There are 2 protein chains.
Amino acid sequence: MTQWLYNFGGGAAEGSAAMRDLLGGKGANLAEMAVLGLPVPPGFTVSTELCAAYYEQGKSFPDSLTAEVEAGMQHIESVAGAAFGDAAKPLLVSVRSGSRASMPGMMDTVLNLGLNDATAAGLADNSGDARFAYDSYRRFIQMYGDVVLGVGHHEFEDLLERAKQGLGIQLDTEMSADDWRELIEQYKALVQARLKKPFPQDVNEQLWGAMRAVFDSWMNDRAVTYRRLYDIPESWGTAVNIQAMVFGNMGDDCATGVAFTRNPSSGDNRIYGEYLINAQGEDVVAGIRTPRALVAGGEESNSDAPALETAMPEMFAQLGEISKRLESHYRDMQDIEFTVQKGKLWMLQTRSGKRTAAAALKIATDMVAEGVLDEATAVGRIEPEALEQMLHPRLDPDAARNILARGLPASPGAAAGKVVFSSERAEDLSAKGEAVILVRPETSPEDIHGMHAAKAILTSRGGMTSHAAVVARGMGRPCITGALDVRIDLAAKSFKVGGIAIAEGDVITIDGTRGEILAGEIPTIEPELTGAFATLMGWADKIRALKVRANAETPADAATARKFGAEGIGLCRTEHMFFDAERIVAMREMILADDTEGRRTALAKLLPMQRQDFVELFRIMAGLPVTVRLLDPPLHEFLPHGEAEIRDVAAAAGVKFEEVASRVALLRENNPMLGHRGCRLGISHPEIYEMQARAIFEAAIEVEKSAGGEAVALEIMIPLVMGGKELRILKDLIDDVAAEIAAKHGKSPEYMVGTMIELPRAALRAGDIAETARFFSFGTNDLTQTALGISRDDAASFMDSYVRQGMFAQDPFTSLDQEGVGELIETACLRGRESRADLKLGICGEHGGDPASIHFFQKCGLDYVSCSPYRVPIARLAAAQAKLKQL
Amino acid sequence: MTQWLYNFGGGAAEGSAAMRDLLGGKGANLAEMAVLGLPVPPGFTVSTELCAAYYEQGKSFPDSLTAEVEAGMQHIESVAGAAFGDAAKPLLVSVRSGSRASMPGMMDTVLNLGLNDATAAGLADNSGDARFAYDSYRRFIQMYGDVVLGVGHHEFEDLLERAKQGLGIQLDTEMSADDWRELIEQYKALVQARLKKPFPQDVNEQLWGAMRAVFDSWMNDRAVTYRRLYDIPESWGTAVNIQAMVFGNMGDDCATGVAFTRNPSSGDNRIYGEYLINAQGEDVVAGIRTPRALVAGGEESNSDAPALETAMPEMFAQLGEISKRLESHYRDMQDIEFTVQKGKLWMLQTRSGKRTAAAALKIATDMVAEGVLDEATAVGRIEPEALEQMLHPRLDPDAARNILARGLPASPGAAAGKVVFSSERAEDLSAKGEAVILVRPETSPEDIHGMHAAKAILTSRGGMTSHAAVVARGMGRPCITGALDVRIDLAAKSFKVGGIAIAEGDVITIDGTRGEILAGEIPTIEPELTGAFATLMGWADKIRALKVRANAETPADAATARKFGAEGIGLCRTEHMFFDAERIVAMREMILADDTEGRRTALAKLLPMQRQDFVELFRIMAGLPVTVRLLDPPLHEFLPHGEAEIRDVAAAAGVKFEEVASRVALLRENNPMLGHRGCRLGISHPEIYEMQARAIFEAAIEVEKSAGGEAVALEIMIPLVMGGKELRILKDLIDDVAAEIAAKHGKSPEYMVGTMIELPRAALRAGDIAETARFFSFGTNDLTQTALGISRDDAASFMDSYVRQGMFAQDPFTSLDQEGVGELIETACLRGRESRADLKLGICGEHGGDPASIHFFQKCGLDYVSCSPYRVPIARLAAAQAKLKQL
């Protein structure tokens, strides 16, 4: 027969910390503390298996449970030396939920259970504190009435409020024992009126009612939503912990508090926390009274009341000892709850403490220094995503926030500045030294210069991987996208949000980490990469197998990437170089040309500019690999939009308005993502790729020839191939240019030609493609778009509900869809390497910086990942953890 | 040692018809005829293997060839009783190409080889016809000079023209022997002047030069282009046939002609062809003289000169006998070339004769009746695509054609009518009984009614599978798309093509079969489905395993589909039902609604209309399966475009212009193909699918309840799923509606729920999906778009060059990309059936009507294909052939 109950307390326990799945986090750690001999009030845990059984059997308990609960209560009674329902020596218990994953506040709790008219009187006698006893009783009726019986919490509060008004008092503490007793009668009458039956006096009825309520709360709306948000399976269920009550509110020799074994904010190795004299646990968090610090002079409290160290030195010493013991036992910083009842210290909870990234790094490296952890374990302890907050400026957490609206947290960090509505305006103001925030319905490649000029970007449309989001992350600019409530009126140069209008020049602050748009300027804090950061990243680098490169094309981005430890460039997008004001003129001339000759003339103007870009980039990346992707986007992205722009271009080019307009119309596409772009341009307009290859080779030779010039390892990448044939044609073209350059310069440029794998067909045809390609780089953005048939620019309208309804665990543009896109990648790796054993494999989509995806790439055996410069440290750490996991 | 030469003639041959790959079509059939004992001038075939060796060795011949050619020439000499280069009894030979696949006129030929000054004189003596001998010699110099020596053909023609002018004569026949002799001297001088060396008098030099020229012509531009067009591999190479000349131009007891063993136009079992007395073969095709019919009273000649039957009854009898012999030997209608030299009949070529679809059907069924073929062989003989011309009206082939421009032949058939530029105008005029041609830059779903009203559609943009093309094929309307030269000015209601302007109301003719836009009205011929058609289709139906359904949603289309033998509807697109003028108002109201309630109100108006559509459809399809696809396209397709339309809608709906405009803007998508559509609508707006399910079930029950009502087998299809979860959610929704209907009507509707597989991820996740789906229908249009990353609406700008450069053998939207998309289909079939053994598999993309694709679907083990009603017979035949091929 299944064992449903697990006792703990009295220096022993049937469970342990290892039994977290069965007993929930709280129950497992209570058992562990009991085994360690720590002072834990006796109790038992009803297992998560019972929760499953309860729901399977239509919310009813198995018959065998009754006897087990009776035995469990006897265990508590014997250890506590009190009897449940006994008026002489009443035992009170708490009934709390406790699931495998922490779900703070989502489920129900009942305290002080076991009180009725008789035991309350007994408690009054026993404790010698009638006021305490009746306060406890009325709290119990209120809590049980709300949680178990379904009588509204506010109805009880109303009665209490009216009672206080009648007595002319303000605070609960002013209520006397008799006042409480009178209120208790009113409470009981309220229950009778609502339920047509009295408040249960039978303590066993109370116990079963509370257990049932806690199990039921597993399926309440809050819990269901929370699980969906945090991807917690419903099947896990919750455990229920029934434990003897201890009281921190029985007088001035009583107290209650929470402690972290180290400082969770800085990581300093010093106990940290707060407590209250003569209070119940909920009072510490409720904020009615100001808690006091544990340590004298501790920054954790602004109260000047004495610290626990001073007020209860004996208790503080015991707590310190237990704290050390727990930390060395769990080998991690702990978050502890304790209560002092009449001079005796009781431990109510311990768990791993949440901490800031800075604290996490300090604690991990300190623990290695202390010999508690080895380096690998320390590396495994840091949540890679948490590093994000260290790499960007962030808002002062203490500053007041006036939130105008929320959007998607598309690129982290924070910045304040004047609102502008065009990239031109952004450049103008920024050239004058103004901080500006670029606000657009959405951005296009033409906005690159404006985005660069801006401190942050806000778009009302688009998702986490829209153009704005991708580019902003690459540039390290804070960005919010999909802020649907922001109604932009470009003509009026203003936006409305709620009832408020924000005009050009008004100052707002963008918190890209949280996705919050704030009124006015909020002060920010600059990032500091501490010694612990460097130490831990060094350990990670020693462990990981995957190389980490960055997606970068500007000198600034490349420099950032090297600073963050990038080992090369995995994606240099050459089209970003063409949106510059001067260049776009030549680019448009090229596109508007009628024939190959016209295009060649325009391309000849672009050649020296593009060459110079590469020269700068190659100097910065000296000695490292640089993957240059040839022109990818459809040509119409470079063309003017709207009549006015078309007129300008026509005038500048000296052609008729109609001619430009009709060319623009001709190039327009219904689904540009699936249109005439990528290598399709290289096939139809070979002169473009020729020019680009020439610029790359000439730049490489120039850098090598210059004094002390160190070459980069050059990788030329062809985008959007569907099979081997396109690549063969374009590799021949590039080889021809190289031969020509070699003939002219007497020096043959070293290079590899490879391709993006970003279409499902390319993944399937990888064997054929690898006959020509020396490397593959998975373009997981486009591969996700095509494999799933989702345009990332248009996904905002349904992706949320898709994630919510479980179609994906996470947005597949953020974290790789391993079941679908992942299979294509695995297939391509296999077939590619079958055909060419030394094929180099990498990935340059957004997923290159996502830890879960990096774990997958490690499994696939990729050689490197490439991501935004600002995500390079995250990728380095995630790659190390992926390697550790594999070992 | 490889044998390079294969002799034939004198009642024997080293080759046979089975050696087509090695000897080419001409050589193999010459050998076969020689073995049959037919009168074939002796000769030998140099094999295609030599062609390969020739190119492999840098265009040089293997050493061993010389001796073989010498032996071959001796063989010819001995059979012909003449000697090569011998002035007394000169042997003349022809040197002709002959590859595995017919490539008419693409490669070079040299006739009368072996003539020089000496042998020409000998030939004059021998034949007793000096004029004939010198005419032959000058023809040889001209041909050899052009083909082998590279002296321009026109240069010789100029000399001839000048000679005739000098002599004051018009016709070549007026030239005397001496005139020719004089011209020969001028020809030789021309060669000497151009080549700085004399015309070769050495007959062996002539022979090797001609052989080399024929092999070289395998790689000439014409041949390369032709091979690309007809997908003939370069590696096949050509053979060369060297054969003793026979002359049809040695007097009035000589003749030359071509014959078909049956009428290639009607299929009538009667020899058919034309001939010329005293002429060389090239004269019959050259059109200088009007050929005569073989049979007296034959329609094949408009000459009233006597038929061969009358003029040379003995020769005619021999020819008739040989014709019967060849046909029964080859078991197919033959296309024959013959020459009569001085009363002796010689056979120069036989091959399977090209024929019209009508003839093909008649010949095949007649041959079965004659016991020559069995039914399966007859079925295998018909080119499925050829049926197309029988199913649509076609232009009178004898009418004059003034071609304005060409576009893509998007939907076959022909129609004439007045040009209109809007669907509204098309409806108006058509309601008045006018035939109209709808001319648009491109069409959208809102044009459905206009396309229905029009006789034909012309679009200047879009490809073979653009909206216009797909819909037009479904409706059986002739359609031309991608007519890039047609410059439409919608505002001016006119289009320009070349220098010509066509205004609204002007009449044009559309030949959708050829993709030609013609001025004025060209008379058309209505299709007739003869008895042979029905007979052969009956045999095909007995053989095939694949069921054939149609894609249809209107009663007219469904009726057409049944007429053409469809066994159900494989795709009923419910959205086409919403574009009707009355319905689109409610549809727009639904889309513009702020909340679910508003949408439900609008949907309630649509319900009865949609139900009525289904009632009609189900009545027509009684007893057959009908697959109904729930709403698929993005909602904004239903919304108004442009300010004026938005104003109308706002006024009709009683809301503000700005509100409608902003809603339209909000719904706009960058890549609608990859946007918020398909089941994504069903997930986000479940009330839409609920309404549709209700309409379907209620219609089914209504039809069953009505007198004599026979139910359809109902299949409800969910579009665009990515995995199993979406389908589970939506199947639950449909099941709930069914349960509700059952409760209300006391009758449970029978139905299956299944899904489209049209995204790569869905193909990969087929196992999971099949846990819920009872059937899969491959949406190969979208699957091709996503697997290849190509928007079919935008592919026109590069697809041509992609096919030309060999990225695809054919446009992958026309014929399935088996290597890429095909693998996804195979994977999905395998995983789907692993998970559900009785999973029904079908395909409803455009490829369902493409024979090559149907062969692939047969291999995959699909249960059915579904295609446009007009392609149903093609699919039935192709399915039978696919089955035969598999056996």
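Not measured: the values here are computed from a predicted model. (Residues numbered from 1 in each chain as written. Chains lettered and ligands numbered in written order. Predicted model: local features only at pLDDT ≥ 70, side-chain atom pairs only at ≥ 80, totals over all residues. Heavy atoms only, no water.)

Can you lay out the pairing of strand β33 (residues 864–867) of chain A for me, pointing to particular residues and giving the numbers?
Residue and element names in this part refer to chain A. What you see with β33 is no split at all: Tyr864 and Ser866 on one side and Val865 and Cys867 on the other are buried throughout. As paired elements, strand β26 (residues 547–551) and β33 share 4 bridges and run parallel to each other. Bridge pairing in β33 links Ala550 to Cys867. Pairing of strand β32 (residues 840–843) with β33, which is carried by 2 bridges, proceeds in the parallel orientation. Bridge pairing in β33 places Ile843 opposite Val865. Handedness of the crossover joining β32 and β33 through helix α33 (residues 851–860) is recorded here as right-handed. (Buried < 20%, exposed > 50% of the residue type's maximum accessible area, 1.4 Å probe, protein only. Helix = DSSP H or I, 4+ residues; strand = E, 2+ residues; numbered from the N terminus. Pairing = 2+ DSSP bridges. Right-handed = clockwise from strand over helix to strand, strands pointing away.)

Which residues make up the state of the cysteines, and what are the values?
Summed over the entire model, instances satisfying the criterion amount to 0 disulfides over all chains. We note that B:Cys572 lacks a disulfide partner, and the nearest cysteine sulfur, in B:Cys844, lies 11 Å from it. (Disulfide = S-S within 2.5 Å.)

How would you summarise the relation of the copies chain B and chain A if you had to cite specific residues and measurements?
Copy one and copy two of the chain differ by a rotation about a common axis and a shift along it. Of the transformation placing chain B onto chain A, the axial shift is 0.2 Å and the rotation is 179°, giving an RMSD of 0.3 Å. In the structure described here, the two chain copies are related by an operation that fits a two-fold rotation axis. Looking at chain B, 100% of its interface residues are interface residues in chain A too, so the copies touch through the same face. (Least-squares fit on C-alpha atoms with pLDDT ≥ 70 in both. Contact = heavy atoms within 4.5 Å.)

Which residues make up the interface of chain B and chain A, and what values go with them?
Counting residues at the interface gives 48 residues for chain B, matched by 48 residues for chain A. Counting each side, the surface lost to burial between chain B and chain A is near 4,500 Å², with a carbon and sulfur contribution of 50%. Where chain B touches chain A, the interface holds 10 salt bridges. Residue B:Glu819 pairs with A:Arg761 through a salt bridge whose shortest N-O separation is 3.4 Å. At the boundary of chain B with chain A, the tally comes to 33 residue pairs in polar contact (both at pLDDT 80 or more). Contributing elements (two or more residues each) for the side of chain B that touches chain A: α24 (657–667), α25 (679–684), α27 (724–745), α28 (760–764), α30 (780–788), α31 (796–804) and α32 (821–835) of chain B. Tallied by class, the residues present in the side of chain B that touches chain A amount to 20 nonpolar, 13 polar and 15 charged. (Buried area = accessible area lost by both parts, 1.4 Å probe. Salt bridge = Lys/Arg side-chain N within 4 Å of Asp/Glu carboxyl O. Polar contact = N/O pair within 3.5 Å; in protein donor to acceptor, adjacent residues only side chain to side chain. Nonpolar A, V, L, I, M, F, W, Y, C, P; charged D, E, K, R; others polar.)

An account of the pairing of strand β17 (residues 436–440) of chain A is needed here, citing residue identities and associated values.
All names here are of chain A. Of all the 5 residues making up β17, 5 are buried; the element is thus mostly covered by neighbouring parts of the structure. Because side chains alternate across β17, one face comprises the buried residues Val436, Leu438 and Arg440, and the other comprises Ile437 and Val439, equally buried. The β-α-β motif built from strand β16 (residues 414–420), the intervening helix α16 (residues 423–431) and the parallel element β17 has right-handed crossover chirality. In this sheet, strand β18 (residues 456–459) lies alongside β17 in parallel orientation, the contact comprising 4 bridges.

Tell me about the side chain of A:Ser99, and name the residues and values.
Residues and elements named next belong to chain A. Here Ser99 lies in strand β5 (residues 93–99). Overall, Ser99 belongs to the buried group, its relative accessible area being 9%. When near neighbours in sequence (up to four residues on either side) are disregarded, Ser99 contacts Gly24, Gly25, Met107, Trp218, Gly237 and Thr238.

Quick rundown of the environment of B:Thr443? Include the residues and the values.
All names here are of chain B. Residue placement: Thr443 occurs in the loop between β17 (436–440) and α17 (448–453). Owing to a relative accessible area of 9%, Thr443 belongs among the buried residues under this scheme. Taking the C-alpha atoms as reference points, Thr443 and Leu458, separated by 15 residues in sequence, lie 9.4 Å from one another. Setting aside residues up to four positions removed in sequence, Thr443 forms contacts with Met451, Ile457, Thr459, His467 and Ala468. A polar atom in the side chain of Thr443 sits 3.2 Å from the backbone nitrogen of Ala468.

Report on the sheet that holds strand β14 (residues 403–406) of chain A, specifying residues and quantitative values.
Sheets are built from strands paired through backbone hydrogen bonds, the pairs being either parallel or antiparallel. Residues and elements named next belong to chain A. In spatial order, the strands read β14-β24-β23-β16-β17-β18-β19-β15; together these 8 strands make up an open sheet with mixed pairing. In this open sheet, the two edge strands, each paired with only one partner strand, are β14 and β15 (408–411). Looking at each pair of strands side by side, their axes are set apart by 30° on average, direction ignored. In the sheet, β14 pairs with strand β24 (residues 516–519) via 3 bridges, with the strands oriented antiparallel. When the bridges of β24 are listed, Ile403 appears paired with Leu518. On the sheet, α16 packs against β16 and β17 and is oriented at approximately 175° with respect to β17. (Axes fitted to C-alpha atoms, helices over the stretch in contact; angles between N-to-C directions.)

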